[in-house]
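Residues per chain are reported as follows:
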Amino acid sequence: MNLMPPRVRKAVFPAAGLGTRFLPATKAQPKEMLALVDKPIIQYGVEEALASGIDNIIIVTGRGKNAIEDHFDVSYELEKILEEKGKTDLLQVVREISDMIHVSYIRQKEALGLGHAVLTARELVGEEPFAVLLADDVIDAPVPALRQMLDVYEATGASVIAVQPVPREVISSYGVINPSPDQAPAGRFAGPIARIADLVEKPRPADAPSDLAVVGRYVLTPAIFDCLERTQRGAGGEIQLTDALRMLARREPMYALTLAGRRHDTGDKLGFLQATVELALKRADLGEPFRAYLRALKP
Ligand code: G1P
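Just so you know, these numbers come straight off a predicted model, no measurement behind them. (Residues numbered from 1 in each chain as written. Predicted model: local features only at pLDDT ≥ 70, side-chain atom pairs only at ≥ 80, totals over all residues. Heavy atoms only, no water.)

**Comments concerning the site of the ligand**
Stage number 1. Around the ligand, 13 residues are found, and the nearest of them are D137, G175, E201, K202 and V214.
Stage number 2. Take E201: an N or O atom from its side chain is 2.7 Å from an oxygen atom of the ligand.
Stage number 3. One of the side-chain nitrogen or oxygen atoms of T242 is found 3.3 Å away from an oxygen atom of the ligand.
Stage number 4. Notes on the ligand: free accessible area 380 Å², of which the protein chains cover 75%.
Stage number 5. Top contributing element to the shell around the ligand by residue count: strand β11 (residues 212-220), with three residues.
Stage number 6. Split into classes, the residues belonging to the shell around the ligand amount to five nonpolar, four polar and four charged. (Near = heavy atom within 4 Å. Polar contact = N/O pair within 3.5 Å; in protein donor to acceptor, adjacent residues only side chain to side chain. Areas by Shrake-Rupley, 256 points an atom, 1.4 Å probe, with all protein chains shown as cover. Helix = DSSP H or I, 4+ residues; strand = E, 2+ residues; numbered from the N terminus. Nonpolar A, V, L, I, M, F, W, Y, C, P; charged D, E, K, R; others polar.)

Structure below.
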């Protein structure tokens, strides 16, 4: 008997948020297009999906997000100019982006939250398992974060939620899991896995069931759509993905994988700056002079 669960082929990127935390930079530019070093934030997530074996990308957009579509499209004018000037390196960089993937876009017409954004992608996803990546969370890891999760999905056929421990003072910014004492399936995974008994969105520190915070990566069975349909507005008056996951965890086994890797919260200004510095330091072309510059900075 072949026990291999259906393959995950599609990745959904909710990108309809207003990006108010980065105003005025995001007044006329989507936050997903802010550059970390020289690449827009969303491209890090798309590259992670590709490196994990998923090349069917669904981006849930809203008003004012055209720059995302232009970014992943062919730019004839730019390619022509680079070609004429003989800038073959840059031409390759630009071409790789549009050749990279098959992208579909769907508009989330109302800002009703992350759960609603995922539900908006239902028609494009269909009745198959899929991944959700929150582009704000940039995860720098030797094995791509989504690949780590797909390894658990392929071994279990169950939904997998990425988590990392966070300090209690910041726990109320996250969805938090309540791990079940039940034994998790055996296997060689990138980090510890636990069965999820329950989840709660943005609890007060005193009410947090653990220190394991949901970071923005999910592998979900299509049963999540039925749960999302039934989910009422929750925290912040929004339809929360976490609330639908709670429902799903009661119906089917669901696992949390503690990701191996460095997560940057680029939706936060300090996190954005830290990501910029750390990613620049790792670059072959910039690392050395940038490190020397930082060392010479006077406190
Ligand atoms: C969302 C989710 C939350 C998760 C977080 C990870 O919250 O609702 O459960 O922990 O992403 O970044 P947001 O950051 O959109 O408020």
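**A look at the nonpolar core**
If you look at soluble globular proteins, the nonpolar side chains tend to sit buried side by side.
Stage number 1. F13, I42, F72 and L146 are the most contacted members of the largest nonpolar core, which has 46 residues in total.
Stage number 2. Here this core gets six residues from one element, more than from any other, and that element is helix α7 (residues 145-156).
Stage number 3. Discounting chain neighbours no more than four positions away, the residues touching F72 are I42, Q43, V46, I59, I97, S98, M100, I101, V103 and Y105. (Core = buried A, V, L, I, M, F, W, Y, C linked by side-chain atoms within 4.5 Å. Buried < 20%, exposed > 50% of the residue type's maximum accessible area, 1.4 Å probe, protein only. Contact = heavy atoms within 4.5 Å.)

**Points about the packing of aromatic side chains**
Stage number 1. Inspection of every chain in the model, using the stated rule, returns three aromatic pairs.
Stage number 2. Ring geometry for F130 versus F225: centroids 5.0 Å apart, planes at 5 degrees, classification stacked. Remark: F225 occurs in helix α8 (residues 223-230) and F130 occurs in strand β6 (residues 130-133); sequence separation between them is 95 residues. With respect to class, F130 is no different from F225; both count as buried.
Stage number 3. A ring pair is formed by F290 and Y293, whose centres lie 6.2 Å apart and whose planes are at 10 degrees; its orientation type is stacked. You can see F290 and its partner Y293 sitting in helix α11 (residues 287-296), three residues apart, about one turn around the helix.
Stage number 4. Judged by its relative accessible area of 47%, Y293 falls in the partly exposed class.
Stage number 5. It is K39 that lies over the ring of Y44; its NZ or CZ is 4.6 Å from the centre. (Phe/Tyr/Trp six-rings, centres within 6.5 Å; stacked < 30°, edge-to-face > 60°. Lys NZ or Arg CZ within 6 Å of the ring centre and 35° of its normal.)

**Some remarks on unusual backbone geometry**
Stage number 1. Looking along the chain, the bond that leaves L23 and enters P24 is cis, with omega of 5 degrees.
Stage number 2. Counting through the fold element by element, P24 comes out in the loop between β1 (10-14) and β2 (35-36).
Stage number 3. Phi is positive for V37, which is not a glycine, with a value near 60 degrees.
Stage number 4. A residue is classified by how much of its surface remains accessible, and V37, at 27% relative accessible area, is partly exposed.

**Examining the packing of α8 against helix α9 (residues 241-251)**
Pairs of packed helices are described in terms of their axes, by the angle between the two and the distance that separates them.
Stage number 1. Contact geometry of α8 with α9 gives a least axis separation of 8 Å together with a crossing angle of 125 degrees. The pairing of α8 with α9 is recorded here as oblique in orientation. As α8 runs across α9, the sense of the crossing is right-handed. Together, A223, I224, D226, C227, L228 and R230 of α8 and L241, A244, L245, M247, L248 and R251 of α9 make up the contact between the two elements. (Axes fitted to C-alpha atoms, helices over the stretch in contact; angles between N-to-C directions. Parallel < 35°, antiparallel > 145°, perpendicular 65-115°, else oblique. Left-handed = near helix turned anticlockwise from the far one by under 90°.)

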